[in-house]
Amino acid sequence: GNKESVIIKNSGTIQTTAVNTPAINGNGSTDLTITNNSTGFIKSLKKAININSGTNAKIINAGEITSTTGSQAIRANGADLQVTNSGTIKATTTEAIKIESNASDAIITNSGIIYGTTFKTINIIGDNATITNESGGLIQVGEKGTEEATEKNAVIFYDDENDSDDNGTLENYGEITAAVSTVKVAMQNVVINNHSGATITHTDNAGGYAAIQIADDNATITNKGILSGTHANSHSIEIESGVKGTK
């Protein structure tokens with residue numbers, strides 16, 4: 001059937017308790033718009049909003065979008081997803097937001113809280129994604145100040161096909177925090193701008209970890225804020241052996 005230009009406005013609760021069933025399934029949709037207002041809750045056990053192959057979806061959240069027992073509060077595998085968050089997006093385990101490998105041109109703008117309990121709060125596998133964490137915005141893994149080494153990668157760019165043409169951008173004006181490897185770059189051509197007043201912090205008290213971990217070529221990092229760790233042997237930026245072209 002026709003799945004074009006559907007508009008969903010929620011100020012109540014949209015919820016499913018069925019296993020592996022999204023609260024909102026936008027698979028195959030075009031120009032879907034979901035507005036979750038400040039009193040709104042969108043919940044499922046996993047994949048609360050599943051865009052999958054849908055294109056040009058817009059998710060505007062001022063309330064709460066949660067996967068209550070699993071991963072992926074928002075999952076997308078199509079083109080041109082836009083997520084604007086001033087509320088809370090939360091995964092009880094991993095991947096509050098996952099942009100899959102076939103996705104492209106996703107834009108994530110956060111002035112609220114994006115939170116993962118264990119690791120990979122925002123997992124970018126698709127090409128040309130842009131994350132903007134605005135002033136007052138928080139992207140976090142685990143509890144604030146966690147020292148659990150498994151609670152890592154508040155943001156990860158990961159190219160599962162090692163495609164030299166893929167790229168991604170992180171603009172941080174707010175706070176990004178995890179125990180270890182707070183921002184991990186495992187994709188070529190990633191640009192990270194940490195602006196004045198912004199922080200990227202890792203909080204594990206063991207040495208040998210980094211706020212930004214670079215594991216692929218041609219990354220560009222510009223810092224005007226704070227990159228920090230809590231241990232005397234912590235690194236602000238760690239570039240793995242064999243990585244080329246990082247600036």
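Residues numbered from 1 in each chain as written. Predicted model: local features only at pLDDT ≥ 70, side-chain atom pairs only at ≥ 80, totals over all residues. Heavy atoms only, no water.

Here we look at the pattern of salt bridges
Between side chains of opposite charge, a pair can form when the charged atoms approach closely. In total, this model carries three salt bridges according to the counting rule given. Among the ionic pairs, R75 bridges to E100, the shortest N-O distance being 2.9 Å. Taken together, the residues span a long stretch of sequence, with R75 in strand 9 (residues 74-76) and E100 in the loop between strand 12 (97-99) and strand 13 (107-110) at a distance of 25 residues. For the pair formed by R75 and E100, the shared burial category is buried. K98 is the partner of E100 in a salt bridge, and the nearest nitrogen-oxygen pair spans 3.6 Å. Accessibility assignment for this pair places E100 and K98 in one class, buried. Connected through shared salt-bridge partners, R75, E95, K98 and E100 make up one network. (Salt bridge = Lys/Arg side-chain N within 4 Å of Asp/Glu carboxyl O. Helix = DSSP H or I, 4+ residues; strand = E, 2+ residues; numbered from the N terminus. Buried < 20%, exposed > 50% of the residue type's maximum accessible area, 1.4 Å probe, protein only.)

A few points about the sheet that holds strand 25 (residues 220-223)
Spatially, 1-4-7-10-13-16-19-22-25 is the arrangement adopted by the nine strands of the open sheet, whose pairing is parallel. Of all strands in the sheet, those bounded by a partner on one side alone are strand 1 (7-10) and strand 25. With direction set aside, neighbouring strand axes in the sheet form an average angle of 5°. In terms of strand pairing, strand 22 (residues 190-194) meets strand 25 through four bridges, oriented parallel. Paired with N193 across the strands is T222, a residue of strand 25. (Pairing = 2+ DSSP bridges. Axes fitted to C-alpha atoms, helices over the stretch in contact; angles between N-to-C directions.)

A closer look at the nonpolar core
I49, I59, I74, L81, I99, I108 and I131 are the most contacted members of the largest nonpolar core, which totals 50 residues. It is strand 24 (residues 210-214) that provides the largest number of residues to this core, a total of three residues. Here I59 is in contact with I34, I49, I51, I65, I74, L81, Q82, V83 and T84, once residues within four sequence places are set aside. (Core = buried A, V, L, I, M, F, W, Y, C linked by side-chain atoms within 4.5 Å. Contact = heavy atoms within 4.5 Å.)

Remarks on the sheet that holds strand 6 (residues 49-52)
Taken in spatial order, the nine strands of this open sheet run 3-6-9-12-15-18-21-24-27, and their pairing is parallel. Here the strands that pair on one side only, and so sit at the sheet edges, are strand 3 (24-25) and strand 27 (235-239).

Here's the deal with the pairing of strand 20 (residues 175-178)
Note: strand 17 (residues 138-141) against strand 20, three bridges, orientation parallel. By the bridge assignment, Q140 is partnered in strand 20 with T177. The pairing of strand 20 with strand 23 (residues 199-202) spans four bridges and is parallel. When the sheet's bridge partners are listed, E175 is paired in strand 23 with T199.

Examining unusual backbone geometry
With a phi angle near 60°, E95 is a residue other than glycine that sits in the positive phi range. At S181, a position not held by glycine, the phi torsion is positive, near 45°. Considering the arrangement of structural elements, one finds S181 in the loop between strand 20 and strand 21 (183-186).

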